[in-house]
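Report on the structure
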Amino acid sequence: MGDLPPYPESLPQQPPSRRSSQASERRHSRGQAQPLAAGPEEGRQMPPDAQHNVPGWSQRRSLSQQESFLMPQAFQAEEARLGGMEHPSMNSGFPSELQPQPYPEESRNQAAQGTTSLILQRLQQGQGGLFQQLDSTFQEPPVSPLNQFNLYQTDQIYEGAQHGPYRRDDPALQFSGSELGFLQYSAEVPEPEPLELAVQNAKAYLLQTSINCDLSLYEHLVNLLTKILNQRPEDPLSILEPLNRTTQWEWFHPKLDTLRDDPEMQPTYEMAEKQKALFTRGGGGAEGEQEMEEEVGETPVPNIMETAFYFEQAGVGLSADESFRIFLALKQLVEQQPIHTCRFWGKILGINRSYLVAEVEFREGEEEVEEEEVEEVMEGAEILEAHGEEEGEEDEEKAVDFIPKPTWKPPPVIPKEESRSGANKYLYFVCNEPGLPWTRLPHVTPAQIVNARKIKKFFTGYLDAPIVSYPPFPGNEANYLRAQIARISAATQISPLGFYQFSEEEGDEEEEGGAGRDSYEENPDFEGIPVLELIDSMANWVHHTQHILPQGRCTWVNPSQKTEEEEDLGEEEEKADEGPEEAEQEVGPPLLTPLSEDAEIMHLSPWTTRVSCSLCPQYSVAVVRSNLWPGAFAYASGKKFENIYIGWGHKYSPENFNPALPAPIQQEYPSGPAIMEMSDPTVEEEQALKAAQEQVLAATEEEEEGEEEEEGEETDD
Amino acid sequence: MDAESLLLSLELASGSGQGLSPDRRASLLTSLMLVKRDYRYDRVLFWGRILGLVADYYIAQGLNEDQLAPRKTLYSLNCTEWSLLPPATEEMVAQSSVVKGRFMGDPSHEYEHIELQKVNEGEKVFEEEVVVQIKEETRLVYIIDQIDKAVAIIPRGALFKTPFGPTHVNRTFEGLSLSEAKKLSSYFHFREPVELKNKTLLEKADLDPSLDFMDSLEHDVPKGSWSIQMERGNALVVLRSLLWPGLTFYHAPRTKNYGYIYVGTGEKNMDLPFML
């Protein structure tokens with residue numbers, strides 16, 4: 001017990017005025033009022049132990065007040081930790097009005113950081129230790145365990161004690177050993193009331209909460225230093241300001257408790273759930289074995305990973321895990337739709353979202369559903385038109401003044417190509433991300449292709465977005481997307497020479513007026529072309545998709561051919577229509593033409609070839625890049641080849657884009673007397689006319705009367 | 001993108017379709033390390049790749065302590081040997097702005113540009129056609145400078161400014177939150193601010209001078225020239241520039257990973273207003 005620092009013997013009732021003044025100072029501190037009152041209450045419990053009370057009691061108690069302000073929670077929590085037994089007894093002594101509040105949450109956190117705060121709050125911990133020892137003396141439990149517990153603290157106390165007491169007026173040095181010093185030898189140092197007052201004032205100042213928030217500088221510094229000491233970053237001085245900001249931010253953004261999900265991450269989790277569904281196989285785990293046998297057979301889904309590997313050699317393509325997810329998404333598509341062959345066409349980037357495009361071919365006879373709907377719509381339109389014309393004719397017969405019929409006829413609509421032929425050879429499905437459902441794109445019409453050539457718009461990522469452009473695009477974004485896909489496919493799908501060959505059939509060349517063959521098959525004898533040869537000459541690559549004519553189709557259709565219905569109705573008008581523009585048959589390069597025949601872009605070759613790795617040409621692949629459609633790539637290696645497109649979906653033009661000018665102003669109907677407006681006669685004119693007519697009438701009557709009289713006179717004779 | 005985290009960055013930026021092949025990646029990892037040692041840079045960024053007709057240019061940039069100081073640019077044709085490029089001068093800018101079309105891929109290639117110049121001979125003033133030759137290297141410097149000034153971006157909070165002047169990398173940058181990541185105002189141009197002083201006092205009062213000392217993307221002209229998307233199921237935010245197609249900026253929210261890369265032909269998209 002000799003180790004114990006002397007305690008004040010006297011038990012002065014702290015002058016209430018002083019206490020209350022201090023209490024009022026600190027009243028606005030958060031949650032501090034109760035411990036304040038608790039302090040003196042605890043102090044009052046001490047009297048039974050008066051033997052150990054030493055003269056410095058007043059300071060001790062004032063310090064306990066301070067400590068209770070500064071680290072009330074930690075103090076009490078530590079008390080709970082160290083002297084669980086004693087604590088209830090202490091609490092029981094409190095008057096009812098000062099029932100101990102349940103510890104706020106932060107106190108638990110701070111208690112957990114008790115070790116660090118020990119260093120900071122050496123005084124308080126020292127006090128706490130002392131208080132524990134005081135407790136222990138009060139209850140007379142064995143001192144040794146508590147002593148061991150408080151060893152650290154007492155050591156600290158002794159360290160400080162060795163420096164001896166000094167009087168320092170500077171309140172900023174309150175955390176130095178000086179206080180401990182004068183605490184220890186309180187018997188020798190006169191009661192430093194002015195100093196203590198200065199210290200208390202300083203602490204009170206620090207504990208003031210800021211105007212904007214509930215945080216006081218003191219607490220903030222405590223948090224900051226705690227954080228630094230816990231994390232021990234390198235060179236903390238240089239990151240002091242950011243740390244400061246982060247600590248402040250963390251105060252106001254406490255981590256949510258474990259029961260609630262983070263609302264921000266909700267969409268991410270949903271997306272992850274959807275993608276997880278991709279990874280689960282069709283059956284359950286128990287049926288796994290049976291399914292394995294079925295699945296090992298042929299599947300229309302291509303080997304995306306292999307393609308991705310080869311394209312990666314060329315520096316093109318999405319990352320490996322993205323490719324795998326695409327593979328799973330394609331597998332899902334194959335399961336949902338009756339698909340015969342399937343290929344990953346590529347990715348088209350958009351402003352808000354991007355499109356992943358899959359090129360598929362349905363099994364035979366599977367796609368009539370959409371066709372019927374479209375045909376119905378068309379027939380309905382035709383019937384309406386027929387009605388219109390009939391009514392026009394009737395009116396013609398009835399009305400005397402026939403309304404002049406306009407001589408303008410809309411240009412005939414070029415019919416779109418049948419499915420599985422020409423530009424509509426394949427069906428395309430798009431989705432925005434693997435895991436989301438696939439949407440089918442409609443077939444492309446020639447009008448859409450023609451218009452798509454005239455405009456250049458970014459894709460937004462939403463299929464139903466309207467395309468606002470001039471000339472107005474007949475359709476929404478889904479149609480524009482389909483048109484661009486058709487153009488890109490026609491221009492950039494290439495394969496090594498000899499991979500595809502024409503099927504040997506008779507009479508091929510006489511079909512369709514020389515439009516050329518439109519079908520090909522794989523060449524089973526294809527040997528593969530060495531990589532270097534593929535790089536050297538563009539003649540070793542061929543297009544295997546049909547070129548799209550300026551008309552918008554792959555096979556030419558004469559638009560001035562009329563169908564039977566139109567001929568019946570339009571007999572009368574045919575004569576007026578003599579001499580329509582005789583469209584010339586449009587011819588494009590036939591299928592399987594080599595790339596060397598492609599037109600140049602302003603002295604630029606439309607294709608660029610590279611070897612994927614110049615350091616190891618033996619194992620590299622040949623890569624071809626399109627300069628006309630940036631983003632279109634093809635690779636070939638041995639017997640394998642593949643095409644892919646990843647880009648924005650626009651053609652490259654060295655000149656700036658010139659939008660189509662608006663059409664010239666239409667001519668008005670020629671003015672002639674028949675439609676010339678004349679001003680209506682005014683009232684005066686009408687009256688004058690009427691008067692003149694009456695005069696004329698009167699004159700003629702007089703003449704007649706005169707004649708009659710004369711005649712009458714004659715007959716009288 | 002930082003050369004330290006090259007592999008991860010390339011993976012995250014791969015959504016735009018073009019990246020690097022494995023052999024290039026391997027050579028970059030080693031050669032950038034040597035560049036850092038030889039030139040005594042603090043940080044080396046892999047800037048990107050400009051596609052030429054015959055060959056591609058691989059560009060890297062080196063930074064010292066001050067992040068906003070002018071960066072040194074290096075180029076290489078094979079990712080192993082790097083050559084330093086001169087900084088862009090006004091004369092270079094004026095000369096190269098007339099060159100259009102694709103890059104050839106040969107640094108010594110010369111573009112010919114015919115200009116009409118007024119020549120004084122004696123007392124007569126007549127115009128003569130002068131053929132100006134511009135080296136591709138000059139054009140390269142010019143294009144890289146343009147792209148940097150226009151579309152190199154950085155998230156808010158990644159750099160901070162100290163009262164002594166230099167700008168430092170913020171080591172306590174934990175990443176943008178998801179809601180912040182979708183806004184254009186959370187990203188700044190990685191260059192000296194140009195429009196900051198035009199802000200009203202009211203706007204400036206809300207800014208934090210140590211973090212908000214660069215121009216944000218909000219007021220870029222034309223509006224809508226940035227495309228913000230979430231990829232990888234909302235775990236990655238990707239910004240693509242529509243003005244210089246090929247520039248991709250990626251950031252994984254709530255993590256420290258961010259960076260930008262340019263893989264493209266080095267041509268500005270002048271048709272942007274028609275395309276929006």
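Conventions used here
Residues numbered from 1 in each chain as written. Chains lettered and ligands numbered in written order. Predicted model: local features only at pLDDT ≥ 70, side-chain atom pairs only at ≥ 80, totals over all residues. Heavy atoms only, no water. UniProt positions renumbered as here; feature names shortened; annotations may be inferred. Helix = DSSP H or I, 4+ residues; strand = E, 2+ residues; numbered from the N terminus. Buried < 20%, exposed > 50% of the residue type's maximum accessible area, 1.4 Å probe, protein only. Contact = heavy atoms within 4.5 Å. Areas by Shrake-Rupley, 256 points an atom, 1.4 Å probe, with all protein chains shown as cover. Buried area = accessible area lost by both parts, 1.4 Å probe. Salt bridge = Lys/Arg side-chain N within 4 Å of Asp/Glu carboxyl O. Patch = residues over 30% accessible without salt bridge, like charges linked within 9 Å, V, L, I, M, F, W, Y side chains within 5 Å. Pairing = 2+ DSSP bridges. Axes fitted to C-alpha atoms, helices over the stretch in contact; angles between N-to-C directions. Left-handed = near helix turned anticlockwise from the far one by under 90°. Nonpolar A, V, L, I, M, F, W, Y, C, P; charged D, E, K, R; others polar. Core = buried A, V, L, I, M, F, W, Y, C linked by side-chain atoms within 4.5 Å. pLDDT = per-residue confidence, 0-100. 1 Å grid on protein atoms, 1.4 Å probe; cavity = no way out; pocket = protein on both sides within 12 Å on 5 of 7 lines; lining within 4 Å. Points joined across faces, edges and corners; volume = space filled by probe spheres on them. Expected span 1.5 Å × (residues − 1).

Under the annotation held in an unreviewed UniProt entry, chain B carries the name Radial spoke head protein 9 homolog and is attributed to Cebus imitator. As stated in UniProt under Sequence similarities (unreviewed entry), the record for chain B gives "Belongs to the flagellar radial spoke RSP9 family."

Taking an unreviewed UniProt entry as the reference, chain A is identified by name as Radial spoke head 6 homolog A belonging to Cebus imitator. As its UniProt record puts it under Subcellular location (unreviewed entry), chain A is described as follows: "Cytoplasm, Cytoskeleton, Cilium axoneme".

The next thing to look at is the overall build of chain A. Assigned secondary structure in chain A consists of 25 helices and 12 strands. The buried share of chain A, reckoned over its 717 residues, is 41%. Long-range pairs, those at least 24 residues apart, make up 70% of the contacts in chain A between residues at least 6 apart in sequence. When the accessible surface of chain A is split by element, carbon and sulfur atoms take 53% of a total near 42,100 Å².

Our focus in this paragraph is the interface of chain B and chain A. Interface size is commonly expressed as the accessible surface area that is lost when the partners come together. Contacts between the two partners involve 53 residues from chain B and, on the opposite side, 52 residues from chain A. Note on chain B versus chain A: buried area summed over both sides is about 4,200 Å², and carbon and sulfur give 48% of it. Looking at the side of chain B facing chain A, the largest losses of area belong to Arg 171, Phe 274 and Met 275 of chain B, adding up to 15% of the total buried there. On the surface where chain B and chain A come into contact, there are 6 salt bridges.

Here we take up a nonpolar patch on the surface. Together, Phe 279, Met 305 and Phe 324 of chain A line one region of the surface with nonpolar side chains, adding up to about 260 Å² of accessible area. Within the secondary structure layout, Phe 279 of chain A lies in helix α15 (residues 266-279).

On to the pattern of salt bridges, then. Inspection of the entire model under this criterion finds 20 salt bridges over all chains. Between Arg 25 of chain B and Glu 312 of chain A there is a salt bridge, and its shortest N-O distance comes to 2.8 Å. With Arg 25 of chain B in helix α2 (residues 22-39) and Glu 312 of chain A in helix α17 (residues 304-313), the pair connects residues from two separate chains. When its relative accessible area of 30% is taken as the criterion, Glu 312 of chain A is described as partly exposed. Across the pair Lys 456 of chain A and Asp 271 of chain B runs a salt bridge, and its minimum N-O distance is 2.9 Å. You can see Lys 456 of chain A sitting in the loop between α20 (446-452) and α21 (477-492) and its partner Asp 271 of chain B sitting in the loop between β14 (258-264) and α7 (272-275), one on each of two chains. Assigned by exposure class, Lys 456 of chain A and Asp 271 of chain B land together as buried.

Residues and elements named next belong to chain A. Read across the open sheet, the 8 strands follow the order β4-β3-β2-β1-β12-β11-β10-β9; overall the sheet is mixed. Sheet topology places β4 (439-440) and β9 (607-611) at the edges, where each strand pairs with a single neighbour. As paired strands, strand β11 (residues 632-637) and strand β12 (residues 640-647) are joined by 6 bridges and run antiparallel to one another. In the sheet register, Ala 632 faces β12, and the bridge partner there is Tyr 645.

Attention now moves to the packing of helix α13 (residues 217-231) of chain A against helix α14 (residues 240-252) of chain A. All names here are of chain A. Where α13 contacts α14, the axes come no closer than 10 Å and their chain directions differ by 115 degrees. Every pair of crossing elements has a handedness; the one defined by α13 and α14 is right-handed. Between α13 and α14, the residues in contact are Glu 219, His 220, Asn 223, Leu 224, Lys 227 and Ile 228 and Leu 240, Leu 243, Asn 244, Thr 246, Thr 247, Gln 248, Glu 250 and Trp 251, respectively. Tallied by class, residues from the contact of α13 with α14 come to 5 nonpolar, 6 polar and 3 charged.

Attention now moves to the nonpolar core. Across soluble globular proteins, nonpolar side chains have a tendency to be buried as a group. Membership of the largest hydrophobic core comes to 57 residues, with the highest contact counts inside it found for Ile 50, Leu 140, Phe 190 and Leu 239 of chain B. Tallying contributions element by element places helix α4 (residues 136-151) of chain B first for this core, with 7 residues. Ranked by size, the runner-up nonpolar core spans 52 residues in total, among them Ala 452, Ala 478, Tyr 500 and Ile 535 of chain A.

So, about the confidence of the model for chain A. All names here are of chain A. Model confidence for chain A is summarised by a mean pLDDT of 69, while 58% of its residues fall at 70 or above. Predicted confidence in chain A is weakest over helix α24 (residues 571-574), with a mean pLDDT of 41, and strongest over α21, with 93. The model gives residues 125-162 a pLDDT under 50, and that stretch makes 68 contacts with residues more than four places away or in other chains. Across residues 371-397, where pLDDT falls below 50, the model places 11 contacts with residues more than four positions away in sequence or in other chains.

Vacant regions in the atomic arrangement are exposed by a probe of water-molecule size rolled over the atoms. Residues and elements named next belong to chain A. For the coordinates displayed, the defined rule picks out 11 cavities of 30 Å³ or more. Empty space within the largest cavity amounts to approximately 190 Å³. If you trace the largest cavity, you find 18 residues lining it, with Gly 422, Ala 423, Lys 425, Thr 545 and Gln 546 closest to the centre. Here the element with the most residues in the lining of the largest cavity is α21; it accounts for 4 residues. Class assignment of the residues belonging to the lining of the largest cavity gives a composition of 9 nonpolar, 5 polar and 4 charged.

Residue Pro 471 of chain A follows Tyr 470 of chain A across a cis peptide bond; omega there is 0 degrees. Along the chain, the position of Pro 471 of chain A falls in the loop between α20 and α21. Following Val 221 of chain B, the chain continues into Pro 222 of chain B via a peptide bond in cis, with omega recorded as -10 degrees. The residue Pro 222 of chain B is located in the loop between α6 (201-205) and β11 (226-231) in this model. Even without being glycine, Arg 40 of chain B reaches a positive phi, approximately 60 degrees.

Right, let's get into α2 of chain B. All names here are of chain B. When the terminal C-alpha atoms of α2 are compared, their 26 Å separation across 18 residues agrees well with the 26 Å that a helix rising 1.5 Å per residue should span. Among all positions in α2, only Asp 23, Arg 24, Ser 27, Leu 28, Ser 31, Leu 32 and Val 35 are buried. In this structure, the buried side of α2 is in contact with α1 (6-12), β1 (43-51), β2 (56-63) and β3 (72-76). Phi turns positive, to about 60 degrees, at Arg 40, one or two residues after α2.

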